[in-house]
Amino acid sequence: MGVAVLAALAAAVCFAVAGVMQQWAAAARPDAEALTARLLGHLVRDRLWLCGIGLAVVAYGFQSLALAFGPLSLVQPLIVAELVFAVPLSARLHRMRLGRREWLGTAAVAAGLALALLSARPRGGDPRAAGPMSWLLVVGVVAAVVAAALAGARLLTGPWRASATALAAGAVMGTQSVLLAATVDRLRHGLPTALAAWQTYALVAASVGGLLLIQSAFQRGPLAASMTVLDATEPVVAVSVGVLLFEETVRTGLPVSAVTVTGLALVAVGIAALDTSPVIAASHGRGREGVGT
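Residues numbered from 1 in each chain as written. Predicted model: local features only at pLDDT ≥ 70, side-chain atom pairs only at ≥ 80, totals over all residues. Heavy atoms only, no water.

Caption draft 1: Geometry of the pattern of salt bridges. If you walk through the whole model with that rule in mind, you get two salt bridges. Residues Arg-29 and Glu-33 are paired through a salt bridge, measuring 2.9 Å at the closest nitrogen-oxygen approach. By relative accessible area, which is 4% here, Glu-33 ends up buried. A salt bridge links Asp-185 to Arg-188; the nearest nitrogen and oxygen atoms lie 3.6 Å apart. Residue Asp-185 is classed as buried on the basis of its relative accessible area of 6%. Residue class for Arg-188 comes out exposed when judged on its relative accessible area of 63%. (Salt bridge = Lys/Arg side-chain N within 4 Å of Asp/Glu carboxyl O. Buried < 20%, exposed > 50% of the residue type's maximum accessible area, 1.4 Å probe, protein only.)

Caption draft 2: How the structure looks around the side chain of Thr-165. For Thr-165, the location among the structural elements is in helix α8 (residues 158–187). Since its relative accessible area comes to 0%, Thr-165 is described here as buried. Here Arg-161 takes part through its backbone oxygen, which lies 3.0 Å from a polar atom of the side chain of Thr-165. (Helix = DSSP H or I, 4+ residues; strand = E, 2+ residues; numbered from the N terminus. Polar contact = N/O pair within 3.5 Å; in protein donor to acceptor, adjacent residues only side chain to side chain.)

Caption draft 3: Quick look at the environment of Asp-275. For Asp-275, the location among the structural elements is in helix α12 (residues 254–275). Taking the relative accessible area as the measure of exposure, Asp-275 reaches 4% and is therefore buried. Once the C-alpha coordinates of Asp-275 and Gly-158 are considered, the two residues, 117 residues apart in sequence, prove to be 8.1 Å apart. The contacts of Asp-275, once residues within four sequence positions are left out, are Pro-159, Trp-160, Ser-163 and Ala-225. Within polar-contact distance, the side chain of Asp-275 engages the side chain of Ser-163 at 2.6 Å. (Contact = heavy atoms within 4.5 Å.)

Any link to function would need more than the numbers given here.
Given below as structure tokens:
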């Protein structure tokens, strides 16, 4: 269990630094490149961004190691600690000092998300349980959420715009996690079986689309506005879709549900505190000064 805790915390640190690197590189790109292939085309030639991607791969390695020695219900809440590392590090790089509001907002998101995951404790499920109509319903709902979030992002400014884009990214990446589980299950029956399944190709499309949305969220606003929403949305969508499609189970009942709702409420309050923070809003503008486009 000790190995799982240390590996999960190492993954959290690596994810935090990787996110800061990617956001710093993406924030230097002009606004017109958001949600376009040009953004990724420029970023893949940026050494800092590539280092961030490489460090994220290392983080996934630590996460896999943690899951080999401990349950998901322990590992996932610990990885959420990346927010506690990433937000202060980003502020430090932007030569900004976080106040009580920013610290409490960050802590509320991290603690609330960890609390919700620990109380719900999703488990079980069968990737083969979902039928075509169930998949169609889920894909349709996720597409509607993404479209609404991106439409909202066009009407918003500042950190809220980054948060709305991150909401779309989190919805896609949460669905990507479910598609990954379905693809891995088919790979157990051989590569031809996986290549014959539409989920495999949807996984590739979701991965590319999710990457573009994440970088666009990083490009549109400060890290605290995008990473917090992304970290909150992805597991919520993944668990919700897993319950609907794979018949996964979550802990229910009045005490457990109350704790879960309290955790999600803390996440919402923390995100609102950060998105309305003048310090957080100023950090994005300061980060782009002198970097060039």
